[in-house]
Every structure is written in structure tokens, then in C-alpha cells.
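Each chain, written out:
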Amino acid sequence: MPGRSLPPLSALQAFEAAARLGSFTRAATERHLSHSAISRAVQAVEHWHGLPLFERSGPKLSLSAAGEALRQRLAEPLAQLHRLGPSPGGRAAPDPAAVLSPRSEPLALFTLPSLAATWLLPRLPRLLARQPQLQLTLHTGYAMQSLPPLHSAVALRFGQFERAGLRCWPLWSDAVVAVATPDWLARHGAEPALWPAGERLRLLSEPWPLRLQRCDDEGAEASAAGPATAARLPPAEGPGFNDALLLVQAALLGLGVAWVRRSLVAPWLRDGALRALAQEPAARAGRTGGADGHKTMWLACRDELAEHPAVRAFVDWVLEEVAEEAAAGPGIIPP
């Protein structure tokens, strides 16, 4: 680092926020400043550092190699400074790495409502029995939220997202399948081309594909027929839902056939309440699978907090739960 006077702490904090969020606008919102104030702060840090910290291509903003190196070097010093200051109640902030008493390690979890209801909550007693010191706070929603700095927090995220500054673990690769109750199947049959368009339930974020291949309950193709023979479907005209769990409930009530992630309906497939009827042809579905595909579930935390006791405890527990479920039989697919 150049041997000149340090820039103000507020300027370093503004740079850290812009680097982490990849946006001056979002950094301004988080820091409660104007866009121009963030820009001036970053310019001050660049002048002190002596190298460009961001690369700008039109509206797109990305860290330069020097900017990424500085972001990594600043993460722990800023965290240490934060821990030295008083908490909102006026008491000194505790060291997150300190040994804490039972029920004294807060952890925030950000995830989808459907995943929280069907995957996390049934397993929550096991987590709390194993890690009684955790004080878990659950935040659910559809918008992808930035993990807060300097706080123990993790996210279970489905799909693609910006991973700069995050430590990420792929949990499983999800197939998307058409599911319905046995009674609905008896009324309408297993041939996708014959399903009533008005009873094909729609998840607004996951439109039905143009073609479907029949499959058995464990996700295998029902015949050796290739993708060219997969049924071509007319547009779905059934009720639409923005919540995957409501979509599944509609299918459980016999209102129609749903196009949904297999991991979400795994409990009802196991107990026979729902049947997996069809999936995309293998040649097409294979293009979007794997750890980089849009059907992958991830566990993520801020890189500098990956070894925080509460974060580490939760990560280890989740990885063990996923490994046990994958070994138990059909359900989730390892990434």
C-alpha cells in the first residue's frame, strides 16, 4: 500500500459496500448515502491506492484485480473495527469467535418460503438438538437479498446468482417434473398430450416446457423412446401461482397437474400422495443440470464469515443432512 495518509473510514466502508454489491446504487442504499457520495468515496480510495479499483463498461460495473485484492484485505479489518464498537444497546459488541453460552449464537437464514416449509422445518428439531446454542432467525422471500456484512448469516438459494465475495456449496441438482394425485392420473391418464390445458397448473417463475417425456416416480424415462417422440404440449391455461408451495397444494387438492421441482414434492412422492408423471426430454434437461445449472440448490455465506462458529455449525449440519438424504434413495440428486 502507498505510504500516504489513509482515506476516511467512511470512504473505505463505501468502497467495501460497492465492491460487495457490485453497484454504486445498491451501496448508496445500504450506506444511506447518495450515489454521488459513494462515487466520490470510491474516487478517494482509488486516489489513495493508486490503481483503478473498478472496471466500467457502460452501465456495467465490475471489480478490477486491484479492487478485488483490496476488498479481500479490507474484510477482516473492517469486521474487527465493527466488533470494537458499541452495540445498538450501548454495550460492547461481542467477538463472534468467542465461546458463547447456550442459545447465544445468532444466525440469520435467508431462503424461499417453499424450501423453508418443506425441507428445513421438518429437519429443524434435529438441528436444534445438535446445536442448541443457535438462535436461528428465518427470513423468507422471493427477492435475492444481499447477505448483511459483519453478521452471521447464510442463504439457501436456488439458481444462478452473483458469487463474488461469497463462499458457496452446491447441495443438489433438481429435476423439474409434472406431478398429480393418483385420482387425477386415473381420470386423465399419463399421456401429457391428452392433459386438459385448463388443468395444467402454472408456476409463474417456471413455465411449462414445449415437450414432455413420460417418467416413473423415480424420475426414469418410462420407455426407451428418444426425445424426438416426446409429447408436444399446447400452452398451459390453468391457474397461475407465484408461490411453489401453493402450486403443490393445488395439485394435492386434485385441481390439476403441476410443473415443479422434484425436491419440493419429494415427501408427497414418497408417501404416494403425488405421482411423478413426466419430465423434459433428457437431451434438453441435461443442458441445464449440474452445479452451474439453473436447477441447482446452493448454500452460501459471506466469505469472511465462513469460519464463524454459528455459520460453520449450520453449514456442516446441512451438508450432512443432504448427504444422508442422497444416500437414502430417490429424492435429491447430488450436484
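## Describing the overall build of the protein
1) Next: Helices and strands together make up the secondary structure of the protein, namely 10 helices and 14 strands.
2) Next: Within the span of the protein, comprising 335 residues, buried residues form 45% of the whole.
3) Next: Taking all contacts inside the protein whose residues are at least 6 apart in sequence as the whole, residues at least 24 apart take part in 72%.
4) Next: Of the accessible surface of the protein, which amounts to about 16,500 Å², a share of 57% is contributed by carbon and sulfur atoms.

## Digging into the side chain of Ser 64
1) Next: In this fold, Ser 64 is placed in the loop between strand S2 (60-63) and helix H4 (65-84).
2) Next: A distance of 3.1 Å separates a polar side-chain atom of Ser 64 from the backbone nitrogen of Gly 67.
3) Next: Aside from chain neighbours lying at most four places away, what touches Ser 64 is Pro 52, Leu 53, Phe 54 and Glu 55.

## Quick notes on the packing of helix H2 (residues 24-31) against helix H3 (residues 35-49)
1) Next: Running from amino to carboxyl end, H2 crosses H3 at an angle of 105°, the nearest separation of the two axes being 8 Å. Considering their axes alone, H2 and H3 lie roughly perpendicular with respect to each other. Counting all contacts with H2, which are made through Phe 24, Thr 25, Ala 27, Ala 28 and Arg 31, the residues of H3 involved are His 35, Ile 38, Ser 39 and Val 42.

## Examining the pattern of salt bridges
1) Next: Considering all chains together, one arrives at 11 salt bridges under this definition.
2) Next: Ionic pairing is found between Glu 320 and Arg 130, a salt bridge with its closest N-O pair at 2.5 Å. With Glu 320 in helix H10 (residues 309-328) and Arg 130 in helix H5 (residues 113-130), this pair connects stretches of sequence that are 190 residues apart.
3) Next: With a relative accessible area of 36%, Arg 130 lands in the partly exposed category.
4) Next: Residue Asp 316 is joined to Arg 312 by a salt bridge in which the shortest nitrogen-to-oxygen separation is 3.0 Å. Placement of both Asp 316 and Arg 312 in helix H10 is noted, with a separation of four residues, approximately one turn of the helix.
5) Next: Residue Asp 316 is classed as partly exposed on the basis of its relative accessible area, which comes to 30%.

Calculation notes
Residues numbered from 1 in each chain as written. Predicted model: local features only at pLDDT ≥ 70, side-chain atom pairs only at ≥ 80, totals over all residues. Heavy atoms only, no water. Helix = DSSP H or I, 4+ residues; strand = E, 2+ residues; numbered from the N terminus. Buried < 20%, exposed > 50% of the residue type's maximum accessible area, 1.4 Å probe, protein only. Contact = heavy atoms within 4.5 Å. Areas by Shrake-Rupley, 256 points an atom, 1.4 Å probe, with all protein chains shown as cover. Polar contact = N/O pair within 3.5 Å; in protein donor to acceptor, adjacent residues only side chain to side chain. Axes fitted to C-alpha atoms, helices over the stretch in contact; angles between N-to-C directions. Parallel < 35°, antiparallel > 145°, perpendicular 65-115°, else oblique. Salt bridge = Lys/Arg side-chain N within 4 Å of Asp/Glu carboxyl O.

Take it as geometry only, folks, not as evidence of what the structure does.
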